[in-house]
Amino acid sequence: MKLKTMAALAVGAALVVGMSACSSSPSTSGTTAPAATSNAGALIGISMPTTTLERWNNDGAHLVDKLQALGYTTDLEYADNKTDEQISQIQNMINDNAKVLVIAAIDGTTLGQVLQTAADAGITVIAYDRLINGTPNVDYYATFDNYKVGTLQGQFIETQLDLKDGKGPFNLEPFAGSPDDNNAKFFFAGAWDVLKPYIDSGQLVVPSGKAPASDDDWQSIGIQAWATATAQSEMQNRLNSYYSGGAKVDVVLSPNDSLALGIEQALQGAGYTVGSDWPLITGQDGDLANVKNMLAGMQAMTVWKDTRTLGDQVSTMVDQILTGQAVDTNDTTSYNNGVKNVPSYLLSPQVVTADTVQTDLIDSGFYTKADLGIS
Ligand code: GAL
């Protein structure tokens, strides 16, 4: 009896908490509070875009660890950057009775139909790192502040080149992320809102002419799938076409590390040398090869997003959803997906340079000295 009563109380409490959760956050889609015990061991579907970009491997592994530690079962899938494959994998998770889907979309505009199926099955959807657009059937979004990522890159260039004090002109080559990645729009806007005034003043010059007229034109310099090889060949083309007469590149706006790696390889191939004419290069993600390049003087900074904290936050949100609690969000206005403002939780990115690798990346346990090849 006692057990039954406890169960009834638990269900009652969960329902009350669930209702208060819905009423306490009117902008969230909320969820009817299931009985807490009914979701123990529930299946969580984790859909990641690709293993070819380093950070997603870290994201997936950490999410699995955290969710399994909470007693859930997990299905982690990587879609090789193929949208059809991602859709099919998500459909399989629905068929396997997943209770929550955590999705880092390859292309956030392609999931409308499969997420309608998920909604019809009562499945809650969390957009992971990248917003999912054009559908009401995404319940939450968890990411780092994407616009701030770009702002940090732009401000780093502004400070290092002393642009505020009128220094220049400097030769800049800007790049943007994958045209199908909603985040890339925000990264570029954050940086360009800092740098465009210096283009207009003539302190920053773009010899290749590849300077978007506005934030909205970012896709004109986008690199599909964030591919290192594509960034390398684009930089090679610009060097061959616009820098053959002795002009040098002074600064490169790279939105992330996979692009920066290709750009750095192109510069090496063109004979640029560290400590002599090597340009200032930005990045994002703290990828291992790029941190090593930072320590070697080949990259000036990376915007680090400690993916462990994103996994921690999302696993907490999953547990709140499945135990009928109010779901943590700290931003319900920044991310409209074309249908609604998606209740979001934004984490803060931070700048890491060669001088802060020890304190930020090694002391935090993100990398070991051995990882980085330092004794
Ligand atoms: C973005 C992500 C970044 C960037 C890129 C490549 O959506 O937020 O971390 O590295 O994809 O994965």
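Residues numbered from 1 in each chain as written. Predicted model: local features only at pLDDT ≥ 70, side-chain atom pairs only at ≥ 80, totals over all residues. Heavy atoms only, no water.

(A) How the structure looks around the environment of Asp319. Topologically, Asp319 is positioned in helix 10 (residues 307-322). Measuring from C-alpha to C-alpha, the distance between Asp319 and Asp355 comes to 38 Å, with 36 residues separating the pair along the chain. In this view, Asp319 contacts Leu70, Tyr72 and Gln325; residues no more than four positions away in its chain are not counted. (Helix = DSSP H or I, 4+ residues; strand = E, 2+ residues; numbered from the N terminus. Contact = heavy atoms within 4.5 Å.)

(B) Structural context of the packing of helix 7 (residues 228-242) against helix 8 (residues 257-269). Following both chains from N to C, one finds helix 7 and helix 8 inclined at 40°, their axes separated by 7 Å at the closest point. With respect to each other, helix 7 and helix 8 are oriented oblique. In this structure, helix 7 crosses over helix 8, and the sense of that crossing is right-handed. Across from Thr228, Ala231, Gln232, Met235, Gln236 and Leu239 in helix 7, the residues of helix 8 making contact are Ser258, Leu259, Leu261, Gly262, Ile263, Gln265, Ala266 and Leu267. Across the contact of helix 7 with helix 8, the residue classes break down as eight nonpolar, six polar and no charged. (Axes fitted to C-alpha atoms, helices over the stretch in contact; angles between N-to-C directions. Parallel < 35°, antiparallel > 145°, perpendicular 65-115°, else oblique. Left-handed = near helix turned anticlockwise from the far one by under 90°. Nonpolar A, V, L, I, M, F, W, Y, C, P; charged D, E, K, R; others polar.)

(C) A look at the sheet that holds strand 11 (residues 344-347). Spatial strand order, 2-1-3-4-5-11: six strands in an open sheet with parallel pairing. One side of each edge strand has no neighbouring strand; the edge strands of this open sheet are strand 2 (73-78) and strand 11. Taken pair by pair, the neighbouring strands of this sheet meet at an average axis angle of 15°, ignoring direction. For strand 3 (residues 100-103) and strand 4 (residues 124-128), the ladder comprises four bridges, and the chain directions are parallel. The partner of Leu101 across the bridge, within strand 4, is Val125. Running over the sheet, helix 3 (residues 83-95) touches strand 1 (43-48), strand 2 and strand 3 and is turned about 180° from strand 1. (Pairing = 2+ DSSP bridges.)

(D) Seen up close, the site of the ligand. For the ligand, the set of nearby residues contains 13 residues, the closest of which are Asp129, Arg130, Asp181, Asp285 and Lys305. Take Arg130: an N or O atom from its side chain is 2.6 Å from an oxygen atom of the ligand. About the coverage of the ligand: the protein hides 100% of its 310 Å² of free accessible area. Structurally, the ligand is housed in the largest cavity. Residue assignment for the shell around the ligand shows that the elements contributing at least two residues are helix 2 (54-69) and helix 6 (182-201). Split into classes, the residues belonging to the shell around the ligand amount to four nonpolar, three polar and six charged. (Near = heavy atom within 4 Å. Polar contact = N/O pair within 3.5 Å; in protein donor to acceptor, adjacent residues only side chain to side chain. Areas by Shrake-Rupley, 256 points an atom, 1.4 Å probe, with all protein chains shown as cover. 1 Å grid on protein atoms, 1.4 Å probe; cavity = no way out; pocket = protein on both sides within 12 Å on 5 of 7 lines; lining within 4 Å. Sits in = over half its atoms within 2 Å of the grid points.)

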